[in-house]
Amino acid sequence: MWATNLKVVGIVLGTLALYTLIANKIPQVQSEVPQTLTLGANVTPEQLVAAGEKVFNGIGGCPTCHGLGTRAPNLLTDEKGTGPIGARCGKREAGKSCKQYLYESLDNPTAFVVTGYQPIMPVMTRQLSPEQIWSVIAFLESQGGTVDVTGDDVAKAKQLTPGASPANSGGSPGGGAFAAGSTDPKAIIQAAGCLACHKLDGQGQVIAPDLTHVGARRDAESIRKKILDPASSIAKGYEKLAGIMPKTFGTMMSAAQLEALVQYLAGHK
Amino acid sequence: MTDGALLLQAAADSTRAYGEFPVIGARAFIWITAEVHLMFAAFVLGVPMFAVVTEAIGIFGGDERYDRLSKEFTRLLLVAYSATAIWGAMLVFGLSTLYPRFWAYLTAIFAPSMWAYAALFLVESFTLYLYYYGWDRWKKGRAKLGHWTLGILLNLWGTIVMFIANSWLTYMMSPPRDITPTTDPTTIKLWHAIANATWMPINVHRVIANVVFGGAIVGAYASYRFLAAQSDEERAHYDWMGYVGNFIAMSALIVLPFAGYWLGREIYQYDQSMGITMMGGFMSWLWVIQAFLIAVLFLTGNYYLWIGMGRIPGAERFRPYTKYLLIVLVLGAIVWGTPHTMIADSKELAAMGGSHHPFLGALGVMSAKNTAVNLMILTTFLSFLLYRRANTRPVVPWARGGTIIQGAMFALAAGVVLFYGIRGYFVEAIVRIGFSVYQVLAVLSCIVFVTVIDVLMARGAQSLGTIQWGKMPPRSQYALFILAVTFTWLMGLMGFARSGIRQYWHVWQVMQDTSKYAATPALGYASKMISLCVLIFLTLVAFVFWLGGLAEKSTFVASGERQGGGRHVGH
C-alpha cells in the first residue's frame, strides 16, 4: 500500500512541478503600477524618448494593440510599406506636423482612424499625464523620425491642465481648468470627449444618440438636466446604454461652460 | 457630501489602508485563503450536484448502487463544509485586517447581501445535516422522495450562496459604468451593484465548472480506492465509480468552453481595454498555458476511455479508430497552443521579422484556434459514443440508416467548423467573431441530435458481453489523478486571470490598489502560488477522505453481504 501511496504522491507532485516549470520557462511579464513622471524644463530628447518607451510598454499599454497588425496599425515596425510611425507621422494629415498629428491622435483618437481599423482606441489624454503623453510622442517620433518634442511642450500642456495627472488621481482637473477654461462649445465638446459616443455635425461615433438635431428633440432645460444627471431621461432605443454616460460633467465644467454648451446644443435644431 | 460619505471619509482618515502579514506578505495570504476557500467551495457545490443526480438514478432506476454512491459522497461533504467555512473565515479576517479600507468600501455596498450569505450558509449546512443523517431513516417510498428534495434544496441554497459571492468579485471586475471614484458607496443601490456586466456569465461558468470539478474529485477518490482495493469485487465497484466521475467531468467540460466564450465576450463588451489586456496584453502567455492544460485534459480523458474499452467485449471493433482520434486531438492541441498576440518590444519584433511569426502566425489566430477546439470537442464526443456502443449491437430495423445519419451529422458539423475556420481568414475581424457562433452551434447540434438517435437506437440492443469492471491497468487510475490535479490547477490559473485583469485596481477604475503589492505578478510567480494552493487543497481533501474512511465503511458491499442490487453492468 505504501508503494501505491508513494506513486500517487509522485504523480501529483510531478504534475504540479511540470505545470510550474512550464509557466516559469515562458517570458515573464509583470503588470506594473503607473509611476508619476516628472520632467524638468531642460529635459533632453534622449530622456523624453527613454521615458516614453517605458510609458509605451507599461502604463500606456500601447503594444497590446499597436504592433499586432490586426487591432491597430503597427507603430514600431513597418505598416503597409510606409515605415514605422516616426517616418510616416508627418505625412498622414496635410498641414499637420508629426508632433501635432501624434498629439491629436492621442487626444482625440477617433479623428484619424486609419482605414481598415476599428475606432477602439481610448482617449489617452484622459488616462495619462501631460508628461507621459509628450514622452510617448517623443518615443514614437524616434521610431524612424526626428524628435522635436521639448520641455516647453510639456510645460505648456501642464499650464493648460494644472494639477492634471489622470493616471495617478483617477480624476479630472475640474472647475474652470476644464478645456483650459474656454467657453467655446467646440473646445468643451472636445475636452469632454462627447464625440467618443455621440455624433455631431458629421463627426464622432454613433454609440449614443446623434446630437446633430438634438435641439429639435430637447429644449435647453432638458439638455442641461441630461448633462447634469444623465440618468434623468434615456433616449428611446438606447435603454441598454443607461448608466454609461458619466455623471461628472456637471462638476467638471464651470457654470459658464455648461451654459455655453447647453445653448450650443439647443441651437442644433 | 452625504452623511454616509462623511462617515466613510472619517473611517478612511482614521483607518490605515493596508496591513501586513508576516513572512509571506498580505497579498500571498489573501491569495492562498481565497483560492483554497474557493476550491473547497467548488467541492461542496459540485459534489452535491453529483450526489443528487446519482440518488435520483438510484430512486428512479431502482439501482441501489447509485444510492450508496450518493451517500458516500455526502458523508465527505460534512468535513468539507467545515473546511470551506474555516478558509472563508480566514479570508474575511484577512481582508478586514490586511485590506481594511477596501473591505470597508465593499461592505458599504454589499452589507445586506453579506448578511443573507451568512444566513443561507447556515440553512445550507443544516439542510446537509438533515440530508446525510436522514439517509437511512427516510429510505423508502414518499419519505425517500422527500429526502431527495432535501438534496435539491441543498443544491439550491448552495447555488444562491455562490451567486451572492460572485456578485462581490464581479463588481470588482466590472462595476456599473455610472460608478466613479467619487461615488459615495452608500448611495449605490445593492441590486445595481450585483447585476453588473460579468455577474451572470461568471455564475453560469462556475455552475458548470463545479460539476466538472466534482466529477474529477470523485474520479480521483475512486481511483485511489481502486488501487487500494483488496478484492476484485471491490476493485470493480471503484472502477465503475471512477468511470461515472470521469463521465460527468468530461461531459460538463465539453460545454464549459462555450460558457467561457460568453464570459470573455461580456468582458470585451464591458471594457475593450480590459478584454485586450486579458487576451493580448500582459496575460497573453497565460492562454498558451491554458491551452496546454486543456490539451492534457482532453488527451487524458480520452486515454482513460480508450483504455476502458479494453474491459468491454465488442470494443475491439472500434479500437483501430482510436489512433485517428488521437491524431486529431494532438493536432488540435498544437494549433490551440500556438502563440499569436504576444507582447513584444521593438527588438523582439525586428527579430521575428514583423508583428507575427511568418509561419506560426497563421495558426495562432482565433479562426484556427476555434476550429481546433471545436474539432477536439467533436472527437471527444465520438470517443464517448464509441465507448457507449462498444458492447452492444443495435437491433432496431433502422439501425444502419441511423448510424449513417449519425456519421453524416459528424461530417456536417466538422465541415461547418472547417468552412468557417478557413473563411475567417478572408473577412474582417468583426465578421470573423460571429463565425465562432456558427461553429459552436454546429457542434452542439451534432452532440444533441446524435445522442438522441443513439438513445433511441440502443433500445433492446443486443449485448455482446458484460463489462469486466475492475479489469483496468493501474495506469488508467493514475490518469484520473492527473485529471483531478489538472482541473484544480486550471481553476487556480483561471482565477488568476479573472482577478489579474483588474491589474492595479481593487475595483476596476473606481478604487485603486496603492499597496506595495499593487503590481500584478508575472505568470511564473503566479504558477508557484497556484501549485501551493493546489497542494494545500489536495492534502486537505486527502485528509477529509481519510477521515471519511475512519468514521464509516465505504459504500462498497461485498456480494456475500449484499441484500439487493445487481452486478456492475451497463454504463
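Bear in mind the structure is a predicted one, so any value in this text is a computation, not a measurement.

1. Re the overall build of chain A
Summing up its helical and strand segments, chain A has twelve helices and two strands in all. Out of the 269 residues belonging to chain A, those deemed buried represent 38%. Within chain A, counting contacts between residues at least 6 apart in sequence, those at least 24 apart form 59% of the total.

2. Remarks on the packing of helix 8 (residues 232–270) of chain B against helix 10 (residues 284–308) of chain B
All names here are of chain B. Where helix 8 contacts helix 10, the two axes come as close as 11 Å, and the packing angle between them is 140 degrees. Here helix 10 runs oblique to helix 8, going by the angle between their axes. For helix 8 against helix 10, the interelement crossing comes out left-handed. Contacts from Tyr 243, Asn 246, Met 250 and Leu 253 in helix 8 reach Leu 297, Gly 301, Tyr 304 and Gly 308 in helix 10.

3. Considering helix 1 (residues 2–25) of chain A
The end-to-end C-alpha distance of helix 1 of chain A, which contains 24 residues, comes to 34 Å, matching closely the 34 Å that a straight helix rising 1.5 Å per residue would cover. Listed as buried for helix 1 of chain A are Val 12, Thr 15, Leu 16, Tyr 19, Thr 20 and Ala 23 of chain A.

4. With respect to the packing of helix 2 (residues 45–57) of chain A against helix 5 (residues 130–141) of chain A
All names here are of chain A. Put simply, helix 2 and helix 5 touch, their axes get as near as 7 Å, and they point 105 degrees apart. Relative to helix 5, the element helix 2 lies roughly perpendicular. Counting all contacts with helix 2, which are made through Pro 45, Leu 48, Val 49, Ala 51, Gly 52, Glu 53, Val 55 and Phe 56, the residues of helix 5 involved are Gln 132, Trp 134, Ser 135, Val 136, Ala 138 and Phe 139. In terms of residue class, the contact of helix 2 with helix 5 is made up of ten nonpolar, three polar and one charged.

5. Things to note about the nonpolar core
Nonpolar side chains in soluble globular proteins tend to end up buried together. With 145 residues, the main nonpolar core has Val 212 and Ile 217 of chain B as its most contacted residues. Among the elements that take part in this core, helix 2 (residues 26–61) of chain B stands out by supplying 16 residues, more than any other. For Val 212 of chain B, the contacting residues outside a window of four places in its chain are Ala 249, Ala 252, Leu 253, Leu 256 and Phe 487 of chain B. Cys 62, Tyr 101, Leu 106 and Val 149 of chain A belong to the second-largest nonpolar core, a separate cluster that totals 31 residues.

6. Focus on unusual backbone geometry
Residue and element names in this part refer to chain B. You will see that Val 23, though not glycine, has its phi angle at about 65 degrees, which is positive. Even without a glycine there, the phi angle at Gln 509 is positive, about 55 degrees. Residue placement: Gln 509 occurs in the loop between strand 3 (505–507) and strand 4 (511–512). Residue Gln 509 is classed as partly exposed on the basis of its C-beta count, with 17 C-beta atoms lying within 10 Å.

Rules used throughout
Residues numbered from 1 in each chain as written. Chains lettered and ligands numbered in written order. Predicted model: local features only at pLDDT ≥ 70, side-chain atom pairs only at ≥ 80, totals over all residues. Helix = DSSP H or I, 4+ residues; strand = E, 2+ residues; numbered from the N terminus. Buried ≥ 20, exposed ≤ 12 C-beta atoms within 10 Å, placed from the backbone. Contact = placed C-beta atoms within 7 Å. Axes fitted to C-alpha atoms, helices over the stretch in contact; angles between N-to-C directions. Parallel < 35°, antiparallel > 145°, perpendicular 65-115°, else oblique. Left-handed = near helix turned anticlockwise from the far one by under 90°. Expected span 1.5 Å × (residues − 1). Nonpolar A, V, L, I, M, F, W, Y, C, P; charged D, E, K, R; others polar. Core = buried A, V, L, I, M, F, W, Y, C linked by C-beta atoms within 7 Å.

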